[in-house]
Amino acid sequence: MPSDVRVGSVDQDFEVAVRGSRSRFRRALLRNPAFWLGAVGVVIVVSAAVFAPLITSHDPNFAFRKEGLSASGDPVGPSALFPLGTDELGRDYLSRLLYGARTSLTVGIGANLIATLIGVAVGSIAAFAGTPRLRFRFGSRVVRIPIPVENILMRITDAVLSFPVLLLAIALVAIVGPSLGLVILVIAAVLWTPIARVVYSRALVVREADFVLAARAVGVRPARILTKHVMPHLIPLIVVYATLGIASTVLFEATLSFLGVGVPVPAASWGGMIIEHIGYYLTDPRVVVLPGLAIMVTILSFNLLGDALADAFDPYHWQ
Amino acid sequence: MTTYLLRRLGWAALVLAGVALLTFFLSYVLPADPARMVAGPQARPEDVAAIRHALGLDRPFLDQLGTYLGNILHGNFGHSYHQNKDVLPLLLQRFPATAQLAVAGLFLELLIGIPLGVMAATRKGTGFDRAATVLTIVLVSAPSFWVGYLILEAVFQAHKAGFDLFAVGGGYKPFDLRYLVLPALTLGFSGAAYYNRIMRATMIDELHREYIRTARAKGLPERRVLWHHAIRNAIGPVVIQIGLDLGFFLGGVVVVEQVFSWPGIGKLAVESIVTADVPLIMGTVLFGTLCIVIANLAVDILNAVVDPRIRF
Amino acid sequence: MQSLIRGPRAIAIVAIVGLAAGACSPGASTGPEGSGSAASPGATAAESQPATIPQGGTLSIAYQSDLQHLDPAVMYDTVGIAAVRLMFESPLTYDNRTTQLVPLLLTEMPAISADGKAYTLKFRTGINFVKTDGSVLREMTADDFVYSLNRVLDPNLKPSPSPVASAFFGNIVGASDVIGGKAKTASGIKATDASTVEVDLVKADATFSNILASTFAAVVPKELATEDTAAFDAAPVGTGPYVLGSYTKGQQATFLANKHYWQPGQPYLDEIDFKVGVDDNAALQQVQAGTLDILGDQIPSGSFTQVTTDPQYADQIVRHSLVETQYMSMDASQPNGGPLSKLAVRQAIEGAIDKENILKIYHGAGVVADCILPPDMLGFDPTCKPYTFDQAAAKTALAAAGYPTGFKTTLYTDTTDPDPKVAAALQQDLATIGITVEVVTQSFDTFLNTIETPHEAPLVYVGWFEDYPDPSDFIDPILSCASAVKGGANASWYCNQAIDAQAAAARGEVDGAKRITEYQAIQKAIMADAPWVPLIHEDWVTLESKRVGGFVIHPVWLYSLRDVYIKPGT
């Protein structure tokens, strides 16, 4: 579901189910050029993050005041010492881009992991809990209180979806102060809703399947039905949404940094790098174009990968 | 039907109330001093204290909350310290700018996304289909704030070269395309992908149906089959998405407004948080939530009316 | 006053006060004394005004920040100064290009009694209040000025009282009663006849003349300026050369020529448009394209070099040095024996900071600061250079102070450009001598809150503008014991009783030359205690379009539009 931040992934209600055999899945995947583009992109970005210290010897936060700045205090362009030039403080731009990958991926993957966990839990529990009745003993009387778990969980989801999440994020960071952990938590707290909704609607369908009814008839407890019988049918959906979710979280982090409430300065962050140098977009566009390109390549790769996975899982739409 | 309506309204009201409480609490906890904001950085502590007292900021939390909620019920959304104007008139005054951007952005999203979706559906599986999808994914992957600045740069260079088509540097004039097109386009690019996907998926479903086969067998031109018959049934989910999008947009498109200096609700919201203007923060958040809740409600009701399977 | 030049409210202070060319010694009623600087160093060479100034035309100016108030009793923001001065006038003002106090609504400078406590103000006659529709309301009288001053003191102004009631006007006899709600009018403000007002002060204070030049002392009509400031904001009525034509919040305010203005030959323009909420990069582009006349903010950092070195714009650059100091404050009374509480540590830090590099971050728009007062301020001492940049020596000194392996601390600044960059530079400098600094940037308002909380921020990067043209304003509000309290502006929590006594004596000093010497001594003494590392004094650099004439950056008002005209044939 799109939000103002335009969560960078393309969500929709995928009819994602495992149809056909495993080898068919693999073939469909490997034949899709989008998969290869996406996979290569992801590998590049992850490698940049992991191998950053090997690729560049400069400290991304060190300002080269003499060699890295012109006499009037402006960034210098690409040279032997600085393959991609410097930024407004004289810091090596290549290093900042590579270490920026670390920030984006740490926040993106971290937040997405938490968001996926919350979303899957909420969605599946809502679908299977229904409205349980709590049994109480009041003296000699037994009271049964229905607790509309399903309703409450989905209303909470709706409420979070209705909330202008960007503003919430900005306010939270303003209150607690910027920190990596907080940014991850804030992003997770607002982006778990799409996956919760999708898992919920899919789980509802699976709930009515024959094998589930059979399991219930036999007396298997709901929790066990959920974990052992239903989950496998949700895995494809979860995998696709988790992959696409990284695109959303990376974009959200970049947007927060752009608005000045992201990862604390002077840690390298692509969104932060854009806003730091926004004044140069006319005179030295390199400093604005490069981080934007990095964000775009990252988001694009995860989107393509997620899209390819969705297609491979469900070739129905792609004959 | 009426019970369904009442239940949905009830939940909507609950959501709004919850959001109001949460936002008030957050604003109260913000570590900036609204009295200092009003007084300015150079005012002496005793003058700041006088202002703090006049604004009622030294009253206990529950007191302030009570007054605030009471005022809301009377239609008084408070008074913005920073802008020195009542919150509701301020919001209403900025709303037209956001509304124009929302409508224009949405229009462009549809303009790009729908035809692409329909054509991709008919050419399903071909190179065109793949290319269209990749194109829209590329568009959605480009961060809107980055794209916005690239567009501004292009306009400036074009202006230097003598092509004075658009307003330089962004800004706003009511209903003036020179100012509206670029931010709307930025929005349009980022959202077209959704409509492409939805349109494509629903069209594919429709095109498999019996009546389409009948229409084709009757010898109707393909264009008519597509754009007259199939699309009318396939457009449902798209309309729902439009409603939801509109709700989100009308609450203020923060990033694009910021980049293009567009004086709408989104920009107001960011200003209010950055200046710790508590009544205005409350106002913009509530307004945004209201738009989304109303849109959700409208869409749900529309759905319920149209689809008899939805139980009331 | 705390500010960041590029911050939203930074300029308010500068606008209110200015260089004290001569108002420092009580008893003197006119004439510059001490270092009366006519044009400050670093200012653009003033164009000579043409013999007959061309009339007519529309001027446009664009600001990032919005106007907040148009009511002079409460207006205290950057954009508002220029706007309010178009519509309202005060008894005194500063000369068009310098900081000399001259009469505006008065026929002559105020007559001050021998003890410095009684001011007699003779107002001109024939000055009219003009309404927003352009028609005359009525003639201004002395009663209106009495009413205006009492209004600034009124604690019941809605929605909130004036932010300077105590600070600027508290010294008037009876003012504290009004502020406290015990009286409606101050006994010390009386109209002795239809055009004369007498104001009595509790203590002699030469800076009162500067207050009389501030926008807070502007004259407003008693029947229209009520306690509802929002209503008066919407329909401001004053005596100035322009009236408010229309105002759309967040977008634009339009000012139209006052056809009944009392000074002949003015106003020069037909209309002035204030566009607000315009991104400074966008505004710069518009000035370069010729669709905007004046850039209301500084030339943005990213385009600074390109614009200032481009010969095409050479005549359009407008520049002036600012009476301010950017500095890093250190918590001199850091609790629990923290490292910054030790003098030796602070002095070591003084030698570790590369100020030339910081000037580079500002693209050279300014001068390095070695002492407290800026060059344009009375009492400036060019020989006050107690510390030299030597990082090796600083590291040794730090070790000698008991921290051979350095220590950890935190530096706070706000998010307004280029403060985070300066903070990063300071961080790197301190790292070189072994001090590990964590930088925390906060939005301006949160930042103010932090540095006003005792001992919350060990290191702070911030700037200070003068409030009024007197060196006491650089000492009392930010370096005195009285200001080292919660809500005060003394970010270094510095308190030296001996120096406090010296400062109190200097404030009341009558002999002008002696006063300068005293302030120079005070500065040296404070710098010996090293509560701050002074960094730079900034310049303000902006751009005007080709058709603008008569525009300079004024040392007090910054943007003063009353003398601007449009060149003919453009």
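Refer to the preceding data block for the structure.
The shown structure was predicted, so the numbers you read here are calculated from the model rather than taken from an experiment.

Another aspect to go through is the pattern of salt bridges. Residue and element names in this part refer to chain C. Tallied over the entire structure, the rule returns 28 salt bridges over all chains. For arginine 319, the salt bridge identified is with aspartate 539, shortest N-O distance 3.2 Å. Remark: aspartate 539 occurs in strand S21 (residues 532-543) and arginine 319 occurs in strand S15 (residues 317-321); sequence separation between them is 220 residues. Overall, aspartate 539 belongs to the buried group, its relative accessible area being 8%.

Taken together, the side chains of A:Val46, A:Val50, A:Phe51, A:Leu54 and A:Ile55 define a hydrophobic patch exposed on the protein surface, amounting to about 480 Å² of accessible area. Inspection of the secondary structure puts A:Val46 in helix H2 (residues 33-50).

A word on the pairing of strand S10 (residues 196-200) of chain C. All names here are of chain C. Here S10 lies mainly inside the structure; 4 of its 5 residues are buried. Here 5 bridges tie strand S6 (residues 118-122) to S10, and the two strands are oriented antiparallel to one another. Considered in S10, the bridge of leucine 121 is made with valine 197. As judged from the 4 bridges shared by strand S9 (residues 189-193) and S10, these two strands associate in the antiparallel manner. Bridging across to S10, isoleucine 189 finds its partner in valine 199.

Once that is clear, we can look at the state of the cysteines. All names here are of chain C. Scanning all chains against the criterion turns up 2 disulfides over all chains. Disulfide partner of cysteine 371: cysteine 384, at an S-S distance of 2.0 Å. Here the disulfide of cysteine 371 and cysteine 384 is right-handed, its torsion about the S-S bond being about 70°. Separated by 13 residues along the polypeptide, cysteine 371 in the loop between strand S17 (366-368) and helix H12 (391-400) and cysteine 384 in the loop between S17 and H12 bring together distant segments of the chain. Overall, the relative accessible area of 3% leaves cysteine 371 in the buried class. Through a disulfide, cysteine 481 is tied to cysteine 495; the S-S separation comes to 2.0 Å. Handedness of the cysteine 481-cysteine 495 disulfide follows from its S-S torsion of about 95°: it is right-handed. One end of the pair, cysteine 481, is in the loop between helix H15 (472-479) and helix H16 (497-508); the other, cysteine 495, is in the loop between H15 and H16, and 14 residues separate them in sequence. Within chain C, bonded cysteines paired by disulfides and numbered along the sequence follow the pattern 1-2, 3-4.

Calculation notes
Residues numbered from 1 in each chain as written. Chains lettered and ligands numbered in written order. Predicted model: local features only at pLDDT ≥ 70, side-chain atom pairs only at ≥ 80, totals over all residues. Heavy atoms only, no water. Salt bridge = Lys/Arg side-chain N within 4 Å of Asp/Glu carboxyl O. Helix = DSSP H or I, 4+ residues; strand = E, 2+ residues; numbered from the N terminus. Buried < 20%, exposed > 50% of the residue type's maximum accessible area, 1.4 Å probe, protein only. Patch = residues over 30% accessible without salt bridge, like charges linked within 9 Å, V, L, I, M, F, W, Y side chains within 5 Å. Areas by Shrake-Rupley, 256 points an atom, 1.4 Å probe, with all protein chains shown as cover. Pairing = 2+ DSSP bridges. Disulfide = S-S within 2.5 Å.

Any functional reading would require information that these geometric values do not contain.
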